[in-house]
Amino acid sequence: ETEKKESLSALETSSVEMSGKIEADIVVINGDVAAAEAALLPERARRSSYREKSEEEGRAGKPTAWIDRMLKERAWRYSSSTVSFFWALDKRFGCFRHHNVFLAEPAQQAWDGLFDASHFSRWGGSSAPFHFYVHAPVRSDGSAVECETDDALMVLVPVPPIDERLSAAAAAAAEASCVERARAGVLRAFFAAGCDDFEAHIVGER
């Protein structure tokens, strides 16, 4: 046990202070899978189903050929993207705990299309309810706000991954539509949960 601890300590030190190659049977990365694969693995070893458009356009051949090579056999798909809201409020709402998950009904239908980039441009046009997460740090850390009557919330709304086949203008329009739908849907869910005057108490928003 002592030798094991010393070995781990040596590895932790070497990973910080040394550059170069360190052999390991398993590597755990606390980061985005797609970004980590692109940075650390050769292309032949990657399992992501989508690759960056810029990566494909750098190859020889027709510029549009990247579309035909987007999907890889036995590939993993990217996770969803998120629309994030950071709200500062001049009123503390009792309906929230530190971690909160709002589940839409029907639950299974709310997941449809969230992992498919082709749904990105259409998600904002839907009126269906959706799942989302709310973090209310003040519930366990009062220093997150200056006044004890204030509140601070972070909201994460899962949306489909960005479709890189869209033009810049189309992607921007789709993104704006996603943000609009996400904000309206979150406020409706808060109203149903008893926070009927929530929007009126937003004093800062990002």
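Everything numeric here is computed off the predicted structure, so don't read it as measured data.

Undergrad: For the overall build of the chain, give the residues involved together with the corresponding values.
TA: Of the regular secondary structure elements, the chain holds five helices and five strands. Put simply, the chain has 206 residues, and 30% of those count as buried. Sequence-distant contacts, at least 24 apart, represent 77% of the contacts inside the chain between residues at least 6 apart. Just so you have it, the chain exposes about 13,800 Å², and 54% of that area is on carbon and sulfur atoms.

Undergrad: Give me the lowdown on the environment of D151, citing residues and values where you can.
TA: Position of D151 among the secondary structure elements: in strand β4 (residues 151–159). Of the residues examined, D151 reaches a relative accessible area of 1% and is grouped as buried. For the pair D151 and K91, spaced 60 residues apart in sequence, the C-alpha separation works out to 6.0 Å. The contacts of D151, once residues within four sequence positions are left out, are W87, A88, L89, K91, R92, F93, V138, R139 and V145. Polar contacts involving the side chain of D151 include one to the side chain of R139, which spans 2.7 Å.

Undergrad: Explain the nonpolar core residue by residue, including any values.
TA: Counting residues in hydrophobic clusters, the biggest one holds 27 residues, and the most contacted among them are W87, F96, F132, V155, V157, F190 and F198. Contributing elements (two or more residues each) for this core: β1 (81–89), α4 (120–123), β3 (132–135), β4 and α5 (168–192). Element by element, the count of residues in this core is highest for α5, at six residues. When near neighbours in sequence (up to four residues on either side) are disregarded, V157 contacts S81, T82, V83, F85, W123, F130, H131, F132, A182 and V186.

Undergrad: Which residues make up a nonpolar patch on the surface, and what are the values?
TA: A contiguous nonpolar patch, built from V27, I29, L40 and L41 and spanning about 380 Å² of accessible area, is present on the exposed surface. Secondary-structure assignment places L41 in the loop between α2 (33–40) and α3 (53–57).

Undergrad: Residue-level account of unusual backbone geometry, with values.
TA: Look at the link from E105 to P106: it is a cis peptide, with omega at -5 degrees. Of note, P106 is situated in the loop between β2 (99–102) and α4.

Undergrad: Pulling in residues and values, what's your account of the packing of aromatic side chains?
TA: Using the criterion set out here, one finds 13 aromatic pairs in the structure. The interplanar angle of 70 degrees and the centroid separation of 5.4 Å between the aromatic rings of W87 and F198 together place this pair among those described as edge-to-face. With W87 in strand β1 and F198 in the loop between α5 and β5 (202–205), this residue pair connects regions lying 111 residues apart in the sequence. No difference in accessibility class separates W87 from F198, as the two residues are buried. With 4.8 Å between their ring centres and 65 degrees between their planes, F190 and F198 make a pair best called edge-to-face. The class for F190 is buried, based on a relative accessible area of 0%.

Calculation criteria
Residues numbered from 1 in each chain as written. Predicted model: local features only at pLDDT ≥ 70, side-chain atom pairs only at ≥ 80, totals over all residues. Heavy atoms only, no water. Helix = DSSP H or I, 4+ residues; strand = E, 2+ residues; numbered from the N terminus. Buried < 20%, exposed > 50% of the residue type's maximum accessible area, 1.4 Å probe, protein only. Contact = heavy atoms within 4.5 Å. Areas by Shrake-Rupley, 256 points an atom, 1.4 Å probe, with all protein chains shown as cover. Polar contact = N/O pair within 3.5 Å; in protein donor to acceptor, adjacent residues only side chain to side chain. Core = buried A, V, L, I, M, F, W, Y, C linked by side-chain atoms within 4.5 Å. Patch = residues over 30% accessible without salt bridge, like charges linked within 9 Å, V, L, I, M, F, W, Y side chains within 5 Å. Salt bridge = Lys/Arg side-chain N within 4 Å of Asp/Glu carboxyl O. Phe/Tyr/Trp six-rings, centres within 6.5 Å; stacked < 30°, edge-to-face > 60°.

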